[in-house]
Amino acid sequence: MILDSRDLSIKGVSLDNGIATSFSIADPIEFMGSKFTIQIQPGTQKVNITYATSPDAAALQWLDPSQTAGGKKPFLFTQSQAILARTWIPLQDSPGIKFTYNATIKCPNDLMALMSAENDTTIHADGIYKFKMPQPISSYLMALSVGDLQFRSLGDNCGVFAEPSMIDKSAWEFADLKKMITSAEELYGPYAWGRYDVLVLPPSFPFGGMENPRITFATPTIIAGDRSLVALVAHELAHSWSGNLVTNATWNDFWLNEGFTVYFETRIMEKIYGKAYADMLTLLSLGELKETIDAMGDTSKDTHLYLDLAGRDPDEGVSDIAYEKGRFFLTSIEMAIGRERWDAFVNNYFSTYAFQSMDTKSFLEYLEKELIKGDSKLREQINANAWVYGPGLPANCPVITSVELEKAGKAAADFKSGNPAKSLNTSEWTTHHWMYFLRNLNDSLDLKKMTELDATFNFTNSGNSEIQCEWYQHAIASNYEVAFPAMEKFLLHVGRRKFLKPIYSELAKTPSGLERGRAIYKKARPGYHAVATQTIDAILKWEL
Ligand code: BES
Ligand code: ZN
């Protein structure tokens, strides 16, 4: 039997009821780890492995009390996607392989343990927690978290876990959770996993969210106080169908997970908050996608939906291509055939392949068989090959307009052409108007304009992580030093890679910025998760 392992110390392996057996651990290969070969016998029913993880296992982040909201108790969380599960469990670490599991976790008795499984919502005085995941899942969905946690119900079969000081704010922010589940089920069929809860993690969590089955792990940076960043929860919930139920067979097929999920997320948002709101999200994303394609070069093979990650860390496949090009491909099909036919197709797709995996080629065959059905005009119109096996954005990419964001775009143009900040009509604006406004100012800002904007809108002290991220990039580009202390505080506090990457990249553009960036990173790095340091080390050319 061959398993994946990385940085594990294997103490012993036995078969069935304790018959010792031989095993070998191959020399490690960068990011893949070591092939772990176990001698089994015909008829072997059970393999018992005694092992320990390494203190710097890439999936695990062990937090000091000072890195938590409460500041008093330590915290542990895992992040297994894409191929980090092997750093805490020896297993077959490929998304196309599924298994059920049972687990017993013993932790300090003032802490609570949660897994991607059936969870109790109360603390156990003996510190022992038993978990059962009866439905088959892929290894990248293995998850564990231990900390000073509390639970709050948000309706039938759903709720939120958070540290005590975050629980009220979290429950308020996610008040629409039940509505999201109901909307998702109305769109694409019954939720297959029993409960759906969200766990709000400490700020070093390197992602926005992670769709661990039954319990989404989420960054606290979406607790904005105005519910403006909850699309992320719709996204992770949508993965309960696209990804967790029908799973990308390999990481080259990653767009099947993320493209479908962004599409589904947007449909949930549209259903609950209306089309004008969904259009804002979609137009912002289209802008990001175009920037990503520009940066990669529109002939780059990494802009194909079907990726070629041979010999590379699958983490390199995580880009707007899978998410946004994937979503716009699906949106373009919807537009070609109409929502009703498309939704029926997607419903069938999820129910036909539930608890299985899917690769790109099989998906395109299914599309042909169930939807195109030999209609050559439709096949041409959809142009799947250009989307999946070709670069950049095909000509039938949907055109997105947003009446709301146009207002913010116009305000940005007005400001650039000399209108005072005070004269802009921003009274009804939401987070997304501000993001669009800030993005449309490009590199046009001098110190005087930065000072004026800050005096009028107080961006430097914004409590909204998305706005902070946009603003600090401008501050770096225009050397607006007033914002630097707040930026440093943000970088020391938040470990979400999506924010760290653009800010450190902007800093790295000039020698003095790079020096500042490295000085901040030196202090911040010990508090970041391995997933984040891997990316930022490269940006800052950090040597260990
Ligand atoms: N499954 C991803 C996170 C992920 C992808 C982790 C690949 C490791 C490798 C999750 O669903 C996700 O996409 N999170 C996004 C938020 C989303 C709203 C786009 C994130 O973390 O920013
Ligand atoms: Zn996702």
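Residues numbered from 1 in each chain as written. Chains lettered and ligands numbered in written order. Predicted model: local features only at pLDDT ≥ 70, side-chain atom pairs only at ≥ 80, totals over all residues. Heavy atoms only, no water.

A. Quick look at the packing of aromatic side chains. Following the criterion strictly, the structure yields 47 aromatic pairs and no others. A ring pair is formed by Phe 260 and Trp 342, whose centres lie 6.4 Å apart and whose planes are at 15°; its orientation type is stacked. Of this pair, Phe 260 sits in helix α4 (residues 254–273) while Trp 342 is found in helix α7 (residues 339–352), placing the two residues 82 residues apart along the sequence. For Phe 260, a relative accessible area of 2% corresponds to the buried category. An angle of 40° between the planes, with centres 5.9 Å apart, marks the rings of Tyr 349 and Tyr 366 as tilted. Remark: Tyr 366 occurs in helix α8 (residues 360–372) and Tyr 349 occurs in helix α7; sequence separation between them is 17 residues. Geometry around Phe 328 places Arg 327 over its ring, the cationic atom sitting 4.7 Å from the centre. Between the NZ or CZ atom of Lys 449 and the centre of the ring of Phe 415, over which it lies, the distance is 5.5 Å. (Phe/Tyr/Trp six-rings, centres within 6.5 Å; stacked < 30°, edge-to-face > 60°. Helix = DSSP H or I, 4+ residues; strand = E, 2+ residues; numbered from the N terminus. Buried < 20%, exposed > 50% of the residue type's maximum accessible area, 1.4 Å probe, protein only. Lys NZ or Arg CZ within 6 Å of the ring centre and 35° of its normal.)

B. Fine view of the site of ligand 1. Close to ligand 1 lie 16 residues, the nearest being Gln 81, Gly 208, Glu 211, Glu 236 and Tyr 323. A distance of 3.3 Å separates an oxygen atom of ligand 1 from a polar atom in the backbone of Gly 209. Going through the elements one at a time, β16 (209–210), α3 (231–238) and α4 are the ones with two or more residues in the shell around ligand 1. Looking at the shell around ligand 1, the element that brings in the most residues is α3, giving 3 residues. Looking at the shell around ligand 1 residue by residue, the class counts come to 6 nonpolar, 6 polar and 4 charged. Counting contributing residues per domain, the shell around ligand 1 is built from domain 2 (54–238) and domain 3 (246–389), each supplying no fewer than three. (Near = heavy atom within 4 Å. Polar contact = N/O pair within 3.5 Å; in protein donor to acceptor, adjacent residues only side chain to side chain. Nonpolar A, V, L, I, M, F, W, Y, C, P; charged D, E, K, R; others polar. Domains from an automatic or database assignment.)

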